There are 2 protein chains.
Amino acid sequence: MVPYARRIDNMAYTAEVVKNLFSTMGDPNIISFSGGAPAKETLPVDVIRSIANEVLTRDGRGTEALQYGPIMGTTDLRQAIITHLLAPKGIQCALENVMVVAGGLEGVNLICQVYIDPGDIILVESPTFVHAVEIFDMFEAKCIGVAMDENGMVPEDLEEKLHQYPAKMIYTIPTFQNPSGRTMSLERRRRVAELAAQYDVLVLEDDPYRDIRYSGEDLPPIKTFDTTGHVVIANSFSKIFSPGSRLGYVVGEAEVIAHLAEVKSATNSHTSMLPQILCAEFFNRGYYPEHHRMLCDLYRQRRDAMVSGIDKYFPAGTKHSFPEGGIFIWAELPGGLDATALLEEAVHDPEVAVAYIAGEGSFVSRDGQGKNCMRLSYGNTTPENIEKGLQRLGRLICSKLEHN
Amino acid sequence: MVPYARRIDNMAYTAEVVKNLFSTMGDPNIISFSGGAPAKETLPVDVIRSIANEVLTRDGRGTEALQYGPIMGTTDLRQAIITHLLAPKGIQCALENVMVVAGGLEGVNLICQVYIDPGDIILVESPTFVHAVEIFDMFEAKCIGVAMDENGMVPEDLEEKLHQYPAKMIYTIPTFQNPSGRTMSLERRRRVAELAAQYDVLVLEDDPYRDIRYSGEDLPPIKTFDTTGHVVIANSFSKIFSPGSRLGYVVGEAEVIAHLAEVKSATNSHTSMLPQILCAEFFNRGYYPEHHRMLCDLYRQRRDAMVSGIDKYFPAGTKHSFPEGGIFIWAELPGGLDATALLEEAVHDPEVAVAYIAGEGSFVSRDGQGKNCMRLSYGNTTPENIEKGLQRLGRLICSKLEHN
């Protein structure tokens, strides 16, 4: 048979990790801390129906919604991004700096199309987002991990790696990171921008969780410290509006965005029109501020339920992050416990029936690092089920510890 | 600055061609035969509003529409594709053989992700679809043209090229081809499938126009002659439902589709949910048959208007295809006329103000082949404007011929 492209082999490991992520989804008997989905209660179904009903007319935006649209995205959505999402964070830019894409991951994909050749080196956080690594594997890049601590990527290790490797790109989720829930400090944000300019390396700032902050102080994007055009932002509407709409955006220098438009055209012509129109109307009709408050209240409750559940039910010696936003907590188990091995039992033992993400797959070193770690998402699980699930999972973990 | 990937240089030529395509779009003073857009009158705005209003509820499909969805596409849309679009053409397949993608071009992109390494050879029709070449250029493939005549790709030339080059893929639009409007004969369809098996080459059968046939006899897809799994179909809902929805599908062997799901995941996770739900409901509620009749009637009228306009206003010696479906006519001008040079004047002279696609960009040889050719689309222009535009364009062409 016709041989596959080399990248298919190169994706085998992460494709398997990703496939396992999806295997327990949708099973109603399992309490899932594994997915990255937002709470279904937050999806603005009624508002979207009412907007759709109003705009889907021939005199309104019905024809526009169903006909071919602009490669860069609709002007009103790009303007809404500038006004409602970028300006408040201190990012001043023009329409030519903003492109709409089909979700945050498509932004990462297209930035790779513009920059990454096979063999190029990408520096990633340890741990990092497995779906991004799946993309980097597809582009046959070589990922090198950079150490993290509670304040995000460690700049000393980043500089060492920049010195050691001729890197093309630094990939970071600076705020409420996936999978760790950690946030890069202000000082480190400034430092990453400086190092990028100094070593002439691109920073891909993937920041889909930052708008869901419910405690602590807001931090400016790395992009605000970029004076040389080395930082490109990929962001998403998945957590603040709707993931099923597949909407995201990229922010960068006009020349970079023009090349992004070329590779977007060669990927899928343009982003689906109806979701763009509905999203722009959602922001421009003023629904976002109240929706945003509701999101933050809901996720704060769930974070608190998860933190107190871990403290209550997990064994002494368990460490965990304390996210001030987003939907993920990172837990490190004590006593040499193996979260990868444990997962099988956690999912299939009907007395437990809890799913999470084993931490190991989030490290590009693939040498067993993170074996004792788990990513616990509280995004789409009610506080009651968070408590119940952690109790059952904690019981299983404690029983393993006794046998160790 | 950080260097771009090699593919960006490789795309420079087609990116420029594509950019020029879009430059006159949306100018209300220009009669455009250039775009490939369907008639705005055919877009089912009212039906879509009514379906959206009904399904976008919490008890209905509202949550599903806004939440993350399956990588492969929704089950009901995949089943609708099998039932309403594949079975009637003699293609029997299961859900595992069908994946929903964000438009026909994304299907082409993802098939390249699975198969194409830099330097791989793709055999394409002469002329071929410039947006597909843009994708092949992005994948750093080498395109080789295969001769066409009124019955599509010439099998003798195809075999010669297969003999001469270690090709990985044959790319064809067998029905109402873009840009030529030509259709591959039954015998040649069978022959292409045979040659693909014999030379172990993939056939990418891109077939977005086939469902809009309004005269002549329906021909089975090349896929129906495929006994060895060498044919993969990429198709689109853009011409039969709505291009702005960005919906298409790929049909192939289960293993190929499984790899497609991996690269889809690394491209944009999954296709936007609301358009998928609306499209599936459109087919499953039985709106398609009447819609399809309306499409065919409308485009037949426009084809007839264009054929008679060319015969009436273009100089003697002009050759043109006579499409039995689709939305394109290919015209070859006599007397050494240069359609590329003429385009500038056709667009900018206010007495003419007509846009078309110069044929030259559709040939991968890039050696001046097709210089006297133009693609004329009658998709989104009324019969009155088709007549008016051809009269003005014909007058310009005739004046040039006199000066030659």
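Just so you know, these numbers come straight off a predicted model, no measurement behind them.

What follows concerns the overall build of chain A. Each helix and strand in chain A was counted, giving 14 helices and 14 strands. Expressed along its principal axes, the backbone C-alpha trace of chain A runs to roughly 65 × 55 × 50 Å. Scored against the burial criterion, the 404 residues of chain A give a buried share of 57%.

Bringing the domain arrangement of chain A into the picture now. Residue and element names in this part refer to chain A. Per the domain assignment, the segments making up chain A are domain 1 (6-43 + 290-403) and domain 2 (45-284). For domain 1 versus domain 2, the distance between C-alpha centres works out to 25 Å. Contacts between the two partners involve 34 residues from domain 1, matched on the other side by 32 residues from domain 2. For the side of domain 1 that touches domain 2, the elements supplying multiple residues, two or more each, are α1 (6-10), α2 (12-23), α12 (288-313) and β11 (328-332). Considering every element that reaches the side of domain 1 that touches domain 2, the biggest residue donor is α12, with five residues. Of the residues in the side of domain 1 that touches domain 2, the class split is 17 nonpolar, twelve polar and five charged.

This part covers the relation of the copies chain A and chain B. You can overlay chain A on chain B at an RMSD of 0.0 Å; the transform is a turn of 180 degrees with a shift of 0.0 Å along its axis. Such a turn and shift between the copies fits a two-fold axis. Scanning chain A for the C-alpha nearest the rotation axis identifies A:Asn53, at a separation of 3.0 Å. Both copies contact each other with a shared surface, as 100% of the interface residues of chain A are interface residues in chain B too.

This part takes up helix α3 (residues 45-55) of chain A. Within α3(A), the full set of buried residues consists of A:Val45, A:Ile48, A:Arg49, A:Ile51 and A:Ala52. Buried residues in α3(A), looked at end-on, bunch into an arc of 170 degrees, giving them a common side. Packing partners of the buried residues in α3(A) comprise α11 (273-284) of chain A together with α3 (45-55) and α4 (62-66) of chain B.

All right, on to the sheet that holds strand β13 (residues 357-358) of chain B then. All names here are of chain B. Here we have four strands laid out as an open sheet, ordered β10-β11-β14-β13, and antiparallel in their pairing. Bordering the open sheet on either side are β10 (319-320) and β13, each of which pairs with just one other strand. Pairing of β13 with strand β14 (residues 373-377) involves two bridges; the strand directions are antiparallel. Opposite isoleucine 357, over in β14, you have arginine 375 as the bridge partner.

Put simply, helix α10 (residues 254-268) of chain A and helix α6 (residues 104-115) of chain B touch, their axes get as near as 5 Å, and they point 95 degrees apart. Taken together, the axes of α10(A) and α6(B) lie roughly perpendicular to each other. Where α10(A) abuts α6(B), its residues A:Ala266, A:Thr267 and A:Asn268 lie against B:Leu105, B:Glu106 and B:Asn109. Its residues placed into classes, the contact of α10(A) with α6(B) shows two nonpolar, three polar and one charged.

A separate point is the interface of chain A and chain B. Much of the literature gives interface size as the accessible area that the parts lose upon coming together. Each partner contributes to the interface: chain A provides 64 residues, whereas chain B provides 64 residues. Those elements giving two or more residues to the side of chain A that touches chain B turn out to be α1, α2, α3, α4 (62-66), α6 (104-115), α7 (130-138), α10 and α11 of chain A. Top contributing element to the side of chain A that touches chain B by residue count: α10(A), with seven residues.

The rules behind each value
- Per-chain numbering applies: the sequence of each chain, read as written, is numbered from 1 onward.
- Following the order in which they are written, the chains are lettered starting with A and the ligands numbered starting with 1.
- Confidence filtering applies because this is a predicted model: local features only for residues at pLDDT of at least 70, side-chain atom pairs given and counted only at 80 or more, and all residues used for totals across whole chains, interfaces and linings.
- By definition, any uninterrupted DSSP run of H or I lasting at least four residues is a helix, any uninterrupted run of E lasting at least two residues is a strand, and each is numbered from the N terminus.
- Our exposure labels follow a C-beta count within 10 Å of each residue's own C-beta, placed from the backbone: buried means 20 or more other C-beta atoms, exposed means 12 or fewer, and partly exposed covers the counts in between.
- Where each domain starts and ends follows an automatic or database-derived domain assignment.
- Any residue pair is listed as a contact if its two C-beta atoms, each placed from the backbone, are within 7 Å.
- Here the term charged refers only to Asp, Glu, Lys and Arg, the term nonpolar to Ala, Val, Leu, Ile, Met, Phe, Trp, Tyr, Cys and Pro, and the term polar to all other amino acids, Gly among them.
- For the least-squares superposition of copies, only C-alpha atoms count, and only for residues with pLDDT at least 70 in both.
- What the arc describes is the spread of directions from the helix axis to the C-beta atoms.
- Think of it this way: DSSP has to see at least two bridges between two strands before they count as a pair.
- As a rule, the C-alpha atoms of each element are fitted with a line to give its axis, helices using only the stretch in contact, and angles between N-to-C directions run from 0 to 180 degrees.
- By definition in this entry, angles of less than 35 degrees are roughly parallel, angles greater than 145 are roughly antiparallel, angles of 65 to 115 are roughly perpendicular, and the rest are oblique.

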